[in-house]
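Architecture and fold: a report
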Amino acid sequence: MEILSSASKAIFQESLQDLVKAIRANRRDESGFMRKKLEEIREECRSTDPNIKANAVLKLTYLQMFGNSMSSSSFHVLEVMSRAEFVSKRIGYLAVAQSFHPQTDVLLLTINQFKKDLTNGRILDCSVALSALSKIVTEDLGKECSTDVMILLNSSRPMIRKKALVAAYKLTISYPEALNVFLPKFAERLEDSHPAVLCTAVTVICEVASKKPELVLPYAPQLYDLLEEGNSKNNNWMLIKVAKVMSFLAPIEPRLAKKLVKPLCNILSTTRAKSLLYECARTVTTGLLEYEEAVELASARIGDFILEKDQNLKYLGLHSLKKLVQARPSTINNHRDLILECLDDDDYGIRLQALELCVVFMSSENIRQIATVFLEKMQMGSESDPSTSHGDSLDVGPFSFP
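Keep in mind that what you see is a predicted model, and the values were worked out from it rather than measured. (Residues numbered from 1 in each chain as written. Predicted model: local features only at pLDDT ≥ 70, side-chain atom pairs only at ≥ 80, totals over all residues. Heavy atoms only, no water.)

**Focus on the nonpolar core**
- Counting residues in hydrophobic clusters, the biggest one holds 127 residues, and the most contacted among them are Phe114 and Val149.
- The leading source of residues in this core is helix α12 (residues 195-211), at 9 residues.
- Ignoring any residue separated from it by four or fewer positions in sequence, one finds valine 149 in contact with Leu118, Leu130, Leu133, Ala164, Ala167, Ala168, Leu171 and Phe182. (Core = buried A, V, L, I, M, F, W, Y, C linked by side-chain atoms within 4.5 Å. Buried < 20%, exposed > 50% of the residue type's maximum accessible area, 1.4 Å probe, protein only. Helix = DSSP H or I, 4+ residues; strand = E, 2+ residues; numbered from the N terminus. Contact = heavy atoms within 4.5 Å.)

Okay, structure coming up:
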């Protein structure tokens, strides 16, 4: 009878889809309806039927996105995560990744399950374990699982290698002592034959370089080769990350900056990808300011951004130019007319950036011309402002030009 009763409960149990529809149907008292459902679902979590328990944890995970706590059901999540069936295990790991945090009382109990799923040879189990580990890794988890994750960096499956790279990087954040061990392994993946794994490796090294560029400097030759090879293969996303890494390394290694001039100028001259153009120009402004060819080409590409109709690209162009002129003020001379035109743009941010750049190229020779432009725009602004009466005129006071 107990078996029959359990089976009937499983058949008639409310699914996640049913719960979503019910919440949408009770929008007038959504919070009250959710409180009622939470009590029902927590009762389902105490069921001895693993399928009912797994379905209840899945619904709790959904309700947690509305701000409802799952802390009282943490042990039930652990039970579902420990199931041998992948359908239940996936639900458990999803709940772990979404609701567990370093202060979760049962977090230490997950260590053995993580180690078991990372080493049992089942690709799907390993995949969900790596995804969850990268979300909740702590120092204790890092110490216990670092060896297992390192082995998976050499997995025959590209999906596992890719996820292992991300998990390893997150592990080094919580357990910094492991960084010196993992960094050579990250560099090995720079020679990976699979493009997704290669891009992930470059991204991970880019994150390390943004915090500790001196640790990544020994691997600059490999990254330089990728910069040249990636341009010939049109792998723009990888090139963006490599260029960003170089922007961290070039300021601390002048010899590298000299080597970067040719490949970066080649990309700036040939590519049509706006994101890659921006990143290469940014690299020039941070580490290649001594090389006139690179600076002039980067300045020209930044000017192309300012000419764009897209306001986002125009803003990026003005922002990049502002950074460039801080070190090379003479580069602004070719963009004066473009900057003055930007003063009429509808976007407030663009006008503000242009106004700040006007201060840079203002001098005793052009102060009269620039002041005249400013006064005209102020007059136009006062005329277009409905709060200003038509009879008012712009009073410039006793100001006089030399």
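**A word on helix α6 (residues 86-99)**
- Its 14 residues place the ends of α6 20 Å apart at the C-alpha level, agreeing with the 20 Å of an ideal helix rising 1.5 Å per residue.
- Among all positions in α6, only Ser88, Lys89, Ile91, Gly92, Tyr93, Ala95, Val96, Ala97 and Ser99 are buried.
- Elements that come into contact with the buried residues of α6 comprise α4 (50-64), α5 (74-81), α7 (110-119) and α8 (123-136). (Expected span 1.5 Å × (residues − 1).)

**Section: α4**
- With 15 residues, α4 should reach 21 Å at 1.5 Å per residue; the first-to-last C-alpha distance of 21 Å fits that figure.
- For α4, a buried count of 11 out of 15 residues is recorded, marking the element as mostly surrounded by other parts of the structure.
- Within the span of α4, buried status applies to Ile52, Lys53, Ala54, Asn55, Ala56, Val57, Lys59, Leu60, Thr61, Tyr62 and Leu63.
- The backbone nitrogen of asparagine 51 lies 2.8 Å from a side-chain oxygen of the residue at the head of α4, namely aspartate 49. (Polar contact = N/O pair within 3.5 Å; in protein donor to acceptor, adjacent residues only side chain to side chain.)

**Some thoughts on the pattern of salt bridges**
- A complete count under the given rule lists 20 salt bridges for this structure.
- Across the pair lysine 37 and glutamate 40 runs a salt bridge whose closest N-O atoms are separated by 3.4 Å. With lysine 37 and glutamate 40 both in helix α3 (residues 30-45) and 3 residues apart, the pair spans about one turn of that helix.
- The residue glutamate 279 makes a salt bridge to arginine 282 at a minimum N-O spacing of 3.0 Å. Residue glutamate 279 and its partner arginine 282 are both found in helix α17 (residues 274-287); the two are separated by 3 residues, about one turn of the helix.
- Given the relative accessible area of 6%, glutamate 279 is considered buried. (Salt bridge = Lys/Arg side-chain N within 4 Å of Asp/Glu carboxyl O.)

**Observations regarding the packing of helix α19 (residues 311-327) against helix α21 (residues 348-361)**
- Running from N to C, α19 and α21 point in directions that differ by 25°, and their axes come no closer than 10 Å. Overall, the two elements α19 and α21 adopt an arrangement that is roughly parallel. Between α19 and α21 the crossing geometry is left-handed. Here Gln311, Lys314, Tyr315, Leu318, His319, Leu321, Lys322 and Val325 of α19 come into contact with α21, specifically with Gly349, Ile350, Gln353, Ala354, Glu356, Leu357 and Val360.
- Along the lines of polarity and charge, the residues of the contact of α19 with α21 split into 8 nonpolar, 4 polar and 3 charged. (Axes fitted to C-alpha atoms, helices over the stretch in contact; angles between N-to-C directions. Parallel < 35°, antiparallel > 145°, perpendicular 65-115°, else oblique. Left-handed = near helix turned anticlockwise from the far one by under 90°. Nonpolar A, V, L, I, M, F, W, Y, C, P; charged D, E, K, R; others polar.)

**Description of a nonpolar patch on the surface**
- A cluster of nonpolar side chains, Tyr348, Leu352 and Leu355, forms an exposed patch at the surface whose accessible area comes to about 300 Å².
- Checked against the element boundaries, tyrosine 348 lands in helix α21. (Patch = residues over 30% accessible without salt bridge, like charges linked within 9 Å, V, L, I, M, F, W, Y side chains within 5 Å. Areas by Shrake-Rupley, 256 points an atom, 1.4 Å probe, with all protein chains shown as cover.)

**So, the packing of helix α11 (residues 179-188) against α12**
- One way to put it is that α11 packs onto α12 with a least axis distance of 10 Å and a crossing angle of 140°. The orientation of α11 relative to α12 falls into the category oblique. The handedness of the crossing between α11 and α12 is left-handed. Across the interface between the two elements, Leu179, Leu183, Phe186 and Ala187 from α11 touch Ala201, Val204, Ile205 and Val208 from α12.

**Observations regarding the confidence of the model for the protein**
- Overall, the prediction assigns the protein a mean pLDDT of 87, with 90% of residues at 70 or greater.
- Counting contacts from residues 1-8, a segment whose pLDDT is below 50, to residues more than four positions away or on other chains yields 2 contacts.
- Across residues 388-402 the pLDDT falls below 50, and counting only partners more than four positions away or on other chains, this stretch makes 10 contacts in the model. (pLDDT = per-residue confidence, 0-100.)

**Looking at the packing of aromatic side chains**
- All told, the structure shown has 4 aromatic pairs when counted by the stated rule.
- Taking 5.3 Å as the distance between ring centres and 70° as the angle between the ring planes, the aromatic pair formed by tyrosine 62 and phenylalanine 66 counts as edge-to-face.
- With relative accessibility at 39%, the residue phenylalanine 66 sits in the partly exposed group.
- Centre to centre, the rings of tyrosine 278 and phenylalanine 305 are 6.4 Å apart; their planes meet at 55°, and the pair counts as tilted. With tyrosine 278 in helix α17 and phenylalanine 305 in helix α18 (residues 292-307), the pair connects residues that are 27 residues apart, well separated along the chain.
- On the basis of relative accessibility, which here comes to 5%, the residue phenylalanine 305 falls in the buried class.
- Between the NZ or CZ atom of lysine 274 and the centre of the ring of phenylalanine 305, over which it lies, the distance is 5.8 Å. (Phe/Tyr/Trp six-rings, centres within 6.5 Å; stacked < 30°, edge-to-face > 60°. Lys NZ or Arg CZ within 6 Å of the ring centre and 35° of its normal.)

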